[in-house]
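Structural overview for review
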Amino acid sequence: MNEEKLRQSHHSKEVKSNLTARLNRIEGQIRGVRRLIDQDTYCDDVLTQIAAAQSALNSVTRILLEGHLKHCVVEKIRAGDDDVVEELLVTIHRLMKK
């Protein structure tokens with residue numbers, strides 16, 4: 001079985017609820033952007049909505065990254081798995097490519 005399938009995070013109910021609410025709002029924003037494009041809305045107005053959706057998605061990223069550092073990474077380091085640092089660096093580099 002693939003190791004990726006075995007790894008899980010353990011978010012609190014509050015964090016899951018927060019992330020779900022944010023993602024639901026982002027989905028709505030993306031549907032709104034699609035509607036604006038379909039309606040030939042002025043480009044600057046569409047770009048403003050896209051920027052808002054990107055900002056919201058960045059907030060989700062920050063919440064997940066913070067939880068990953070405080071819980072997953074700390075647990076793995078305490079368990080002697082120093083490879084998690086390299087994994088984290090790869091993740092950070094990937095996030096910074098945006």
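Residues numbered from 1 in each chain as written. Predicted model: local features only at pLDDT ≥ 70, side-chain atom pairs only at ≥ 80, totals over all residues. Heavy atoms only, no water.

Brief notes about the packing of helix α2 (residues 13-38) against helix α3 (residues 43-78)
We count it as follows: Note on geometry: axes are lines fitted to C-alpha atoms, helical ones only across the stretch in contact, with angles between N-to-C directions running from 0 to 180 degrees. For the purposes of this entry, the term helix denotes a DSSP run of H or I that reaches at least four residues, the term strand denotes a run of E that reaches at least two, and both are numbered from the N terminus. Angles below 35 degrees are treated as roughly parallel, those above 145 as roughly antiparallel, those between 65 and 115 as roughly perpendicular, and all remaining angles as oblique. Handedness of each helix crossing follows the sense of rotation of the near helix against the far helix: counterclockwise by less than a right angle gives left-handed, clockwise gives right-handed. Contact between two residues is taken to exist if any of their heavy atoms lie within 4.5 Å; hydrogens are not considered.
At their nearest, the axes of α2 and α3 sit 10 Å apart, and the two run at 160° to each other. For the element pair α2 / α3, the angle class is roughly antiparallel. Read as a crossing pair, α2 and α3 show a hand that is left-handed. For the pair α2 and α3, the contacting residues are V15, N18, L19, R22, L23, I26, Q29, I30, V33, L36 and I37 in the first and D45, V46, Q49, I50, A52, A53, A56, L57, S59, V60, I63 and L64 in the second.

Points about the pattern of salt bridges
What counts, and what does not: What counts as a salt bridge is simple: a side-chain nitrogen of Lys or Arg found within 4 Å of a carboxyl oxygen of Asp or Glu. Relative accessibility under 20% of the residue-type maximum defines a buried residue, over 50% an exposed one, and the middle range a partly exposed one, all with a 1.4 Å probe and only protein chains included.
Overall, the coordinates contain one salt bridge when judged by the stated rule. Taking the shortest distance from any N to any O, the salt bridge between E66 and K70 comes out at 2.8 Å. Residue E66 and its partner K70 are both found in helix α3; the two are separated by four residues, about one turn of the helix. Overall, the relative accessible area of 44% leaves E66 in the partly exposed class.

What to know about the environment of I26
Following the sequence through the fold, I26 ends up in helix α2. Taking the C-alpha atoms as reference, I26 lies 5.8 Å from A53; in sequence the two are 27 residues apart.

Examining the layout of surface pockets
Selection criterion: Buried and open spaces are told apart on a 1 Å grid over the protein atoms alone, a cavity being a set of points where a 1.4 Å probe fits but cannot get out and a pocket being an open set with protein on both sides within 12 Å along at least five of seven lines. Residues with an atom within 4 Å of a point are the lining residues. Grid points are joined across faces, edges and corners, and a volume is the space filled by probe spheres set on the points.
In this model, the largest pocket occupies a volume close to 600 Å³. Those elements that place two or more of their residues in the lining of the largest pocket are α3 and α4 (83-96). Sorting elements by how many residues they give to the lining of the largest pocket places α3 first, with nine residues. Space inside the second largest pocket adds up to approximately 190 Å³. In this structure, the second largest pocket is lined by S9, H10, H11, S12, V15, I63, L64, E66, G67, H68, H71 and C72. For the lining of the second largest pocket, the element with the highest residue contribution is α3, accounting for seven residues.

Considering unusual backbone geometry
In most cases, non-glycine residues show a negative phi, while peptide bonds are predominantly trans. Here D40, not a glycine, exhibits a phi torsion of approximately 55°, which is positive. By the secondary structure assignment, D40 is in the loop between α2 and α3.

Focus: the confidence of the model for the protein
Spelled out, the test is: Confidence per residue, as judged by the predictor, is encoded in pLDDT with a range of 0 to 100.
Summary statistics for the protein give a mean pLDDT of 92 and a share of 94% for residues scoring 70 or more. Here helix α1 (residues 3-6) stands out as the element of the protein with the lowest mean pLDDT, 58, in contrast to α2, whose mean of 97 is the highest.

Considerations on the environment of T41
Here T41 is to be found in the loop between α2 and α3. Setting aside residues up to four positions removed in sequence, T41 forms contacts with L36 and V46.

Considerations on α2
Quick reminder of the rule: To estimate the expected span of a helix, subtract one from its residue number and multiply by 1.5 Å.
Look at α2: 37 Å from first C-alpha to last across 26 residues, which is about the 38 Å you get at 1.5 Å a residue. For α2, every residue scored as buried is listed here: L19, I26, G32, V33 and L36. Turning to α2, the residues buried within the fold contact α3. Directly after α2, the chain includes D40, whose backbone phi takes a positive value near 55°.

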